[in-house]
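Here's the letter readout for the chains.
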Amino acid sequence: MGRRKTYEIVNVLVLLAAVCVLGSEYGMQSLESLQFSKIAVFFVAACLTFGLKLVRLYLVFVDTGLAFRTHALQFFKTLLVSLLLPLKLGDFFRMYCYGHHIQNYLRSFLAVVLDRFVDTLALACILFGMAAVRSTELPWLLYFLGVFLLVVMLCYAVFPSLYDYWTAYLLQSRATRQRLRYLRLLQQLHVLYAEFQQIVQGRLLLLFLLSVLAWMVELFCITHFFGEGISTYLIAAFGLAKSVVQQQFVMFSILLVLFVMLAGYVLRWCRRRMRA
């Protein structure tokens, strides 16, 4: 089976799984009780939040030569899956799709991890700041986010020493094909580490600011206009609980994303017809 065919089959299967979740957990009736003013709030929140995240992820992949149009299509397609599948399982689908287009799955994996790290760091800072201002206990979700941040930072900090140790060890060991494969893998990881070092040094602050803005817009709209608790909303977003407001926002976001994707395909088709 060809690489392209496998990619298409995986896409169909994952999207079908997302549709099954949509049919069982969500429904249009969740939006019927919404007033026009609240629909307008959802529209503004979704456009600003996803627009900022679209730009942020593109800044992570910009060095790969990925065209913005291709990036936008993959972003919105994987966003649909991320909104529906629990525990951020959609991120694995995003890694796979971007890896297919840049022809480097390891690079895609690390890029999505970096994007998720910056997003988590921004959320953790906001939650910690709100707890400090209100003099309340830290939400348990913050500890969960802290573990993820700590693991990523430790991996980033210890990689240079691990690379030096294992490279020296393999060079001193007996020459085999397996040793050469390990050395190539270490070299690829070292190249990717150097690339991400440049991103961290040159773009991390911008990525962080975009993440903070995206979270502030989303959380402000949800808490101020709908009266939803932040912890309740975030736990529901992770798929660990249910929230009416979160389900309404997800359903509205799905409809908006489908409209954007459909409009994009129509414009693309019209341009082809005009050139022909």
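Note that this is a predicted model, so its numbers are computed, not measured.

### Focus: the overall build of the protein
(1) Moving on: Per the secondary structure count, the protein includes ten helices and zero strands.
(2) Moving on: Ordering the α and β elements of the protein from the N terminus gives α-α-α-α-α-α-α-α-α-α.
(3) Moving on: C-alpha extents for the protein along the principal axes are approximately 70 × 65 × 35 Å.
(4) Moving on: Nonlocal contacts in the protein, meaning residues at least 24 apart in sequence, comprise 71% of its contacts between residues at least 6 apart.
(5) Moving on: Within the structure as shown, the protein displays about 16000 Å² of accessible surface, and the carbon and sulfur contribution to it stands at 68%.
(6) Moving on: Each charge class in the protein can be summarised by its mean position, and for the 25 positive and 12 negative side chains these summaries are 13 Å apart.

### Let's talk about unusual backbone geometry
(1) Moving on: Phi is positive for Gln103, close to 60 degrees, though the residue is something other than glycine.
(2) Moving on: Assignment of secondary structure puts Gln103 in the loop between helix 5 (90-102) and helix 6 (105-134).
(3) Moving on: What makes Gln103 exposed here is its relative accessible area of 63%.

### Considerations on the nonpolar core
(1) Moving on: In this structure, Phe61, Phe76, Leu219 and Leu234 are the most contacted members of the largest nonpolar core, which totals 67 residues.
(2) Moving on: It is helix 6 that contributes the most residues to this core, eleven residues altogether.
(3) Moving on: If you look at the next biggest cluster of nonpolar residues, it comprises six residues, including Tyr163, Leu170, Leu183 and Leu186.

### Quick look at the packing of helix 4 (residues 68-84) against helix 10 (residues 244-275)
(1) Moving on: One can describe the packing of helix 4 onto helix 10 by two numbers: an axis separation of 10 Å at closest approach and a directional angle of 160 degrees. As far as their axial angle goes, helix 10 and helix 4 are roughly antiparallel. Seen along the crossing, helix 4 lies across helix 10 with a hand that is left-handed. Seen from helix 4, the contacting residues are Leu73, Phe76, Lys77, Leu79, Leu80, Leu83 and Leu84; seen from helix 10, they are Val250, Ser253, Ile254, Val257, Leu258, Val260, Met261 and Tyr265.
(2) Moving on: Taken together, the residues of the contact of helix 4 with helix 10 sort by class into 13 nonpolar, one polar and one charged.

### Some details on the environment of Tyr98
(1) Moving on: Among the secondary structure elements, Tyr98 is positioned in helix 5.
(2) Moving on: Sequence separation between Tyr98 and Leu186 is 88 residues; the distance between their C-alpha atoms is 22 Å.
(3) Moving on: Leaving out residues up to four positions away in the same chain, Tyr98 has contacts with Leu57, Phe61, Leu66, His71, Gln74, Phe75 and Ser108.
(4) Moving on: Only 2.8 Å separates the side chain of Tyr98 from the side chain of His71, close enough to count as a polar contact.
(5) Moving on: A distance of 3.4 Å separates the side chain of Tyr98 from the backbone nitrogen of Phe75, its partner in a polar contact.

### Considerations on the environment of Leu207
(1) Moving on: By secondary structure assignment, the location of Leu207 is in helix 8 (residues 177-226).
(2) Moving on: Since its relative accessible area comes to 1%, Leu207 is described here as buried.
(3) Moving on: In this structure the C-alpha to C-alpha distance between Leu207 and Asp119, which are 88 residues apart in sequence, comes to 8.4 Å.

Calculation notes
Residues numbered from 1 in each chain as written. Predicted model: local features only at pLDDT ≥ 70, side-chain atom pairs only at ≥ 80, totals over all residues. Heavy atoms only, no water. Helix = DSSP H or I, 4+ residues; strand = E, 2+ residues; numbered from the N terminus. Contact = heavy atoms within 4.5 Å. Areas by Shrake-Rupley, 256 points an atom, 1.4 Å probe, with all protein chains shown as cover. Lys, Arg positive; Asp, Glu negative; His and termini not counted. Charge placed at Lys NZ, Arg CZ, Asp CG, Glu CD. Buried < 20%, exposed > 50% of the residue type's maximum accessible area, 1.4 Å probe, protein only. Core = buried A, V, L, I, M, F, W, Y, C linked by side-chain atoms within 4.5 Å. Axes fitted to C-alpha atoms, helices over the stretch in contact; angles between N-to-C directions. Parallel < 35°, antiparallel > 145°, perpendicular 65-115°, else oblique. Left-handed = near helix turned anticlockwise from the far one by under 90°. Nonpolar A, V, L, I, M, F, W, Y, C, P; charged D, E, K, R; others polar. Polar contact = N/O pair within 3.5 Å; in protein donor to acceptor, adjacent residues only side chain to side chain.

By themselves these figures say nothing about function.
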